[in-house]
Amino acid sequence: PFYVSLLLKDSIKWKSYSKVDQSELSVSVAGMLHSILAKLELKYSKFFVTECLSIITVARFGVTECELEDLLSSNLKLRQELTPNSNQNQRISPIFWARLKLELKFPFLVHILAPGSYCVIRWGHSIFRNVAQQRYLSTPDKIMYYHKLLAEFHLNTKLKNLHKLDLKSIFHSNAIFTEECDYFNPRNMLELPLHLVETGQTRVLIGLLTDLRWLMLKIESVGVFELLKDFAFLFDNLPSNKESELIGQLRILKEVLQKSSNSIGRDPKSLPQKLTSHFMAFVFTSEPIKSSGYRLRNPKIDTKYALLIGLLKSAQNLLAPPNLIPLSPSNERVLQFVFLLFFN
């Protein structure tokens, strides 16, 4: 069906005087798509078609119309080619993409509702995606370039500057979290893990996956199962020389999230309580102290579970101390029952 559909789309453009050589018609879907893309490159500029379709191909879930326009407008060489007399800060007109999108409408490109309720553009079939990869992303350097482009776009900073930033700076620059209001962009949370891994920035991704704000906001925006997919994706792409203790901590955290997926999926704000209840037993003693809340068992525990301890300290800061729980009528009845049970 795909082959007949592509052949029909190509044949309706023939003129009555057109000379069609049967040997020029491809006998496969991939060949027909290569032929269609070659004609579009001649009509709309090879550079422009390459940029548009490479971005769509590399994106994890696809791209929104606004994201694609922002990425295209950030390319100075592309702006100079399409609008040579325009101002340096002027954006590329949306009409360029609108014309190309009309040529590649269904079944090539489709609009779907991605996690987070965003309408994105992506390839309508894996055959089309594979052809685009062969044509535009044939070398590792090209793949790395577009992953880096999207990573910097979603981080709102250059990758070379990441070593100078801590997680708090990344959150603020990315407009994921601010002190004044809990604002977050679900699109950044969905796309970042793939591009960070593909560009070798696993350190940043591990830092985000062990940050309580990131975990809670991602569960709230796109769900706990998308978060679990990030852990699985990280484990599949971690270098073999990574420390076993680091991987072990991440696997423990993933297991806790998996066990508590039902409850934290309904109420992401219960995540600090779940983390504390699961890890308190083997990371902390039950003896409270005034300064930090709970005492570590020994220094070896501190080094072995450094990431988890930092995460748990953040979780404890969000939990209300037991002595500050308001004594509502229901709580008062529970206390009366406990008193009668043990002292009568």
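Check the entry above for the structure.
Because the structure is a prediction, the values reported are computed rather than measured.

Counting its regular elements, the protein chain contains 19 helices and four strands. Expressed as a percentage of its 344 residues, the buried residues of the protein chain come to 42%. Of the contacts formed within the protein chain by residues at least 6 apart in sequence, a portion of 64% connects residues at least 24 apart. Within the structure as shown, the protein chain displays about 19,600 Å² of accessible surface, and the carbon and sulfur contribution to it stands at 56%.

To continue, consider empty space enclosed by the protein. Tallied over the entire structure, the rule returns two cavities of 30 Å³ or more. In this structure, the largest cavity encloses a volume near 40 Å³. Lining the largest cavity, in full, are Phe48, Glu69, Leu72, Ser73, Ile92, Ser93, Pro94, Phe96 and Trp97. Along the lines of polarity and charge, the residues of the lining of the largest cavity split into six nonpolar, two polar and one charged. In this structure, the second largest cavity occupies an estimated 30 Å³ of space. Ala59, Gly62, Val63, Glu67, Leu71, Leu150, Phe153, His154, Arg187, Glu191 and His195 together form the lining of the second largest cavity. The set of elements that each furnish at least two residues to the lining of the second largest cavity consists of α4 (65-73), α8 (140-155) and α10 (186-198). Residue classes in the lining of the second largest cavity are distributed as five nonpolar, three polar and three charged.

Considering all chains together, one arrives at 11 salt bridges under this definition. Salt-bridge contacts for arginine 60 lead to aspartate 230; the nearest nitrogen and oxygen are separated by 3.1 Å. With arginine 60 in the loop between α3 (46-58) and α4 and aspartate 230 in helix α13 (residues 224-237), this pair connects stretches of sequence that are 170 residues apart. On the basis of relative accessible area, arginine 60 is assigned to the partly exposed category, the value being 21%. Note that lysine 218 is salt-bridged to aspartate 230, the shortest N-O span being 2.2 Å.

Cut-offs used in this document
- Residues numbered from 1 in each chain as written.
- Predicted model: local features only at pLDDT ≥ 70, side-chain atom pairs only at ≥ 80, totals over all residues.
- Heavy atoms only, no water.
- Helix = DSSP H or I, 4+ residues; strand = E, 2+ residues; numbered from the N terminus.
- Buried < 20%, exposed > 50% of the residue type's maximum accessible area, 1.4 Å probe, protein only.
- Contact = heavy atoms within 4.5 Å.
- Areas by Shrake-Rupley, 256 points an atom, 1.4 Å probe, with all protein chains shown as cover.
- 1 Å grid on protein atoms, 1.4 Å probe; cavity = no way out; pocket = protein on both sides within 12 Å on 5 of 7 lines; lining within 4 Å.
- Points joined across faces, edges and corners; volume = space filled by probe spheres on them.
- Nonpolar A, V, L, I, M, F, W, Y, C, P; charged D, E, K, R; others polar.
- Salt bridge = Lys/Arg side-chain N within 4 Å of Asp/Glu carboxyl O.

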